[in-house]
Amino acid sequence: MMDEFTFLERWQKYTCNQESSEDIGSVEVASCDNPGWWVKIDLKKTKFEHCAFEVISCNVSSDKHPLADDWLYCEISGSVYHGAGDPAKLKTILRIFIDWVEKNGGLQLPKETT
């Protein structure tokens, strides 16, 4: 199983478009004041843009506010993966995204020559 940071490196390579200056597949990891993490990964112009994703919600209100210290919320909205959770959930947020990408065909990278 690929670790989360190796996956992010491969995601960057997968979404890199050298023929265009467009920002495709951008990844943002930010802290939030709940406290916790908020990860945003742009899916526009990737093969994953229209893949189904089931919302994951644990200890989060209908208006997406944490209800406890242990919380997690992941969804795709506007072609962007949004994963948020308490301070201990960064790896979980990334793992949910990785598992979803792999379930939907994974990253197809050309074989590297040495």
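Note that the structure is predicted; figures quoted are calculated from it, not measured.

A. Up close: the packing of aromatic side chains. Using the criterion set out here, one finds 11 aromatic pairs in the structure. Each ring, one from Tyr81 and one from Phe97, has its centre 4.9 Å from the other, and the planes form 45°; the classification is tilted. Taken together, the residues Tyr81 in strand β5 (residues 80-85) and Phe97 in helix α2 (residues 90-103) connect sequence positions 16 residues apart. Judged by relative accessible area, Tyr81 falls into the buried class, the value being 0%. Taking relative accessible area as the criterion, Phe97 reaches 1% and is therefore assigned buried. Clustering of aromatic rings is evident, with ring pairs tying together Phe7, Trp11, Tyr14, Phe48, Phe53, Tyr81, Phe97 and Trp100.

B. Representation of α2. With 14 residues, α2 should reach 20 Å at 1.5 Å per residue; the first-to-last C-alpha distance of 20 Å fits that figure. Residues of α2 that are buried include every one of Leu90, Ile93, Leu94, Arg95, Ile96, Phe97, Ile98, Trp100 and Val101, and no others. Those residues of α2 hidden inside the fold are in contact with α1 (4-15), β1 (27-32), β2 (36-42), β3 (56-58), β4 (72-77) and β5. Immediately downstream of α2, the backbone of Gly105 shows phi near 105°, a positive value.

C. Structural context of the side chain of Glu4. Its location among the elements puts Glu4 in helix α1. For Glu4, the residues in contact, after removing those within four places along its chain, are Lys91, Leu94, Arg95 and Ile98.

D. A look at the environment of Cys16. Topologically, Cys16 is positioned in the loop between α1 and β1. Classification of Cys16 by relative accessible area gives partly exposed; the value is 45%. Considered as a pair, Cys16 and Ser26 are 10 residues apart in the sequence and their alpha carbons are 9.4 Å apart.

E. How the structure looks around the nonpolar core. Judged by nonpolar contacts, the single largest core of 20 residues is most densely connected at Phe7, Trp11, Phe48, Tyr81, Phe97, Trp100 and Val101. The element best represented in this core is α2, accounting for eight residues. Not counting the four nearest positions on each side in its chain, Trp100 is found in contact with Leu43, Phe48, Cys51, Ala52, Phe53 and Ile76.

Rules and cut-offs
- Residues numbered from 1 in each chain as written.
- Predicted model: local features only at pLDDT ≥ 70, side-chain atom pairs only at ≥ 80, totals over all residues.
- Heavy atoms only, no water.
- Phe/Tyr/Trp six-rings, centres within 6.5 Å; stacked < 30°, edge-to-face > 60°.
- Helix = DSSP H or I, 4+ residues; strand = E, 2+ residues; numbered from the N terminus.
- Buried < 20%, exposed > 50% of the residue type's maximum accessible area, 1.4 Å probe, protein only.
- Expected span 1.5 Å × (residues − 1).
- Contact = heavy atoms within 4.5 Å.
- Core = buried A, V, L, I, M, F, W, Y, C linked by side-chain atoms within 4.5 Å.

All quantities given are derived from atomic positions and should not be read as evidence of function.
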